[in-house]
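Structural characterization, general
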Amino acid sequence: MRMRVNWIILVALVFTIASTSALAQQPIVIKFSHVVASDAPKGKAAEYFKRLVEERTKGAVKVEVYHNSVLFKDGEEVEALQLGSVQMLAPTPGKFGPMGVREFEVLDFPFLFDNIDEEHKVTQAPIGKRMLKMLESKGIVGLAFWDNGFKEMTSNKPIRRPEDFKGQKIRIQSSKVIDAQMRALGAIPQVMGFGEVYQALQTGVVDGQENPTSNVFQSKLYEVQKYLTMSDHGYHGYAVIANKKFWDGLPPNVRATLEGAMKETTDYFNRIAKQENDDALEGIRRAGRTEIVTLSADERRAWKRMLMKVHAEMGEKVGKDLLKSIYDETGFDPNKL
Ligand code: LMR
């Protein structure tokens, strides 16, 4: 009888050791979801981060990248992250408004930056760090900003002057500032997930949209848009975020490795973005289906004059101190156009 009991204890012990060591071998899995194409800068950066993390943790961490809204789409991805159904995202700042972080919409202010270096002066500096910190009360860790240059306008009629927007149904992200921007131009804004934009343009549900050329090219929006106006009228970039409970729960050495990989991926993104957008513009030009409209200095000034009312109207909503700190950092003067 005693022999039998010893055997049972021995088998149970072996089983426990085997299953514990098997458990110890299970990788930590990070689901990284986003809404654009795999070859857009954001898609390339997510894959770059995956490679760095899996190499450096020797497989202890596995990053699963989900491009093109296949896992979660606009309007659901941030909540999915807060619930822990996905561990990392990189939404545009305007998409944080609906969850109550209205300050992020300051980056949607039209003509806020004159060039990508001015973007970096804000997002890659103390102001950007302060903004990322604001997410923690929402159960989110803000890891970085990836600066993807500027939004251009695409449409099915040529847009040169503000009056050309009159009556146009323009798809926008879920941002009150962008809503105000389109209404100031006389357009009719329609909030829509990025994954639905191609079909909405193709069927005429909307007439136009705004995005950097890399998204216009990689998501083939040029196929269903006759005109691309190189307006550079607004910042386009991403706040890279993680579920806070997941991130804080990582073994400290693993978290440190991921932070190092995120720093290098941010440098990579901010290094390639301009070239990616320039190459995308060339690709759209070569496709020959979309007329490229460039604005004269006067035409661009007319947009700016029209859109400074958004700065006046929406300053309160995002926080006047935050807006002023950005003006001070870049030397922006809404009265000097
Ligand atoms: C959009 O919704 O138009 C953009 O946010 C797409 C993206 O993530 O770049």
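Rules and cut-offs
- Throughout this document, residue positions are counted from 1 along each chain, in the order its sequence is written.
- Restriction of local features to residues with pLDDT of at least 70 applies here, the model being predicted, together with a cutoff of 80 or more for giving and counting side-chain atom pairs; totals for whole chains, interfaces and linings are based on all residues.
- In computing side-chain values, all of the structure's heavy atoms are included and hydrogens and water are not.
- Within this scheme a cavity is a closed region of a 1 Å grid, computed over the protein atoms alone, that accommodates a 1.4 Å probe without allowing it to escape, whereas a pocket is open but has protein on both sides within 12 Å along at least five of seven lines; lining residues each have an atom within 4 Å of a point.
- Grid points are joined across faces, edges and corners, and a volume is the space filled by probe spheres set on the points.
- Put simply, DSSP H or I for four residues or longer makes a helix, DSSP E for two residues or longer makes a strand, and each gets a number counted from the N terminus.
- Following the grouping adopted for this structure description, the nonpolar residues are Ala, Val, Leu, Ile, Met, Phe, Trp, Tyr, Cys and Pro, the charged ones are Asp, Glu, Lys and Arg, and the polar ones are all others, Gly among them.
- Each patch groups residues whose relative accessible area exceeds 30% and which form no salt bridge, using 9 Å between like charges and 5 Å between nonpolar side chains of Val, Leu, Ile, Met, Phe, Trp and Tyr.
- Note on areas: Shrake-Rupley, 1.4 Å probe, and residue coverage restricted to the protein chains presented here.
- Should a side-chain nitrogen of Lys or Arg be within 4 Å of a carboxyl oxygen of Asp or Glu, the pair is scored as a salt bridge.
- Each residue gets one of three labels from its accessible area relative to the maximum for its type: buried under 20%, exposed over 50%, partly exposed in between, using a 1.4 Å probe on protein chains only.

**Concerning the layout of surface pockets**
Quantified by volume, the largest pocket comes out at close to 420 Å³. As for the largest pocket, its lining consists of 17 residues, and the residues nearest its centre are Lys129, Leu132, Gly142, Leu143 and Ala144. Elements supplying a minimum of two residues to the lining of the largest pocket: α5 (126–133), β4 (140–155) and α10 (252–287). The biggest single contributor to the lining of the largest pocket is α10, with 5 residues. Here the lining of the largest pocket is composed, by residue class, of 7 nonpolar, 4 polar and 6 charged.

**Overview of empty space enclosed by the protein**
Applying the stated criterion across every chain, the model contains 1 cavity of 30 Å³ or more. The space that makes up the largest cavity amounts to roughly 70 Å³. If you trace the largest cavity, you find it lined by Val35, Val36, Lys42, Thr92, Lys95, Arg171, Gln173, Phe194, Asn211, Asn215, His236 and Tyr238. Among the residues making up the lining of the largest cavity, the classes are represented as 4 nonpolar, 5 polar and 3 charged.

**What about a nonpolar patch on the surface?**
Taken together, the side chains of Met3, Trp7, Leu10 and Val11 make up a nonpolar region of the molecular surface, amounting to roughly 470 Å² of accessible area. Looking at the element boundaries, Met3 is found in helix α1 (residues 2–25). Here Met3 falls in the exposed class, since its relative accessible area comes to 60%.

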